[in-house]
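Summary of the model geometry
What follows is the residue order along each chain.
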Amino acid sequence: QVQLVESGGGLVQAGASLRLSCAYSGRFFSTDAMAWFRQAPGKERDFVAGITYNSDNTYYADSVKGRFTISRDNAKSTVYLQMNSLKPEDTAVYFCASRHGAYYYTPSWVDYDYWGQGTQVTVSS
């Protein structure tokens, strides 16, 4: 069974940076595409960034392109989301997700097999 545990969220001011981590427990991290999603109160869960299982391809939502960077360390079974130049509209619960046995990420949350519990990111103006 796969478990995902996010960490690194918090309350910051606009313009600050945060790095989220997602620890994956299980045997198949290096063969799972990974992604970050976020959900603000009263809104749908939105795709933020995705990465292939060997890190050779990444993709970002337009709203975070140029500010956020997704990466992974297969030796540590961990995926990261470096968030720079944070804005109040980035406030949300951030979730990591895995597509079991898949090379590519997708922007649709229904395509993911495992989810973390989420970590809150709050950006004040």
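The structure this text deals with has already been given above.
Just so we're clear, the structure is a prediction, and the values are computed from it rather than from any experiment.

Conventions adopted
All residue numbers refer to position in the chain's written sequence, counted from 1. Restriction of local features to residues with pLDDT of at least 70 applies here, the model being predicted, together with a cutoff of 80 or more for giving and counting side-chain atom pairs; totals for whole chains, interfaces and linings are based on all residues. Excluded from the side-chain calculation are hydrogens and water; included are all heavy atoms of the structure. Burial classification: accessible surface area is computed with a 1.4 Å probe over protein chains only, and a residue below 20% of its type maximum counts as buried, one above 50% as exposed, and the rest as partly exposed. Secondary structure counts use DSSP, requiring at least four H or I residues in a row for a helix and at least two E residues in a row for a strand, with both numbered from the N terminus. Here, strands pair whenever DSSP counts at least two bridges between them.

With respect to the pairing of strand β8 (residues 78-83)
Most of β8 sits out of view: 5 of its 6 residues are buried. One ladder, built from 6 bridges, connects strand β3 (residues 18-25) with β8; its direction is antiparallel. Bridge assignment links Ala 23 to a residue of β8, and that residue is Thr 78. Bridge analysis of strand β7 (residues 68-73) against β8 gives 6 bridges, and the strand direction is antiparallel. Note on β8: the bridge partner recorded for Arg 72 is Val 79.

A few points about unusual backbone geometry
The phi dihedral of Ser 77 is positive, around 50°, even though this residue is not glycine. Residue position: Ser 77 is located in the loop between β7 and β8. Of the residues examined, Ser 77 reaches a relative accessible area of 17% and is grouped as buried. Phi at Ser 85 takes a positive value of approximately 50°, unusual for a residue other than glycine. Mapped onto the elements of the fold, Ser 85 is located in the loop between β8 and β9 (92-99). Using a relative accessible area of 42% as the deciding quantity, one classes Ser 85 as partly exposed.

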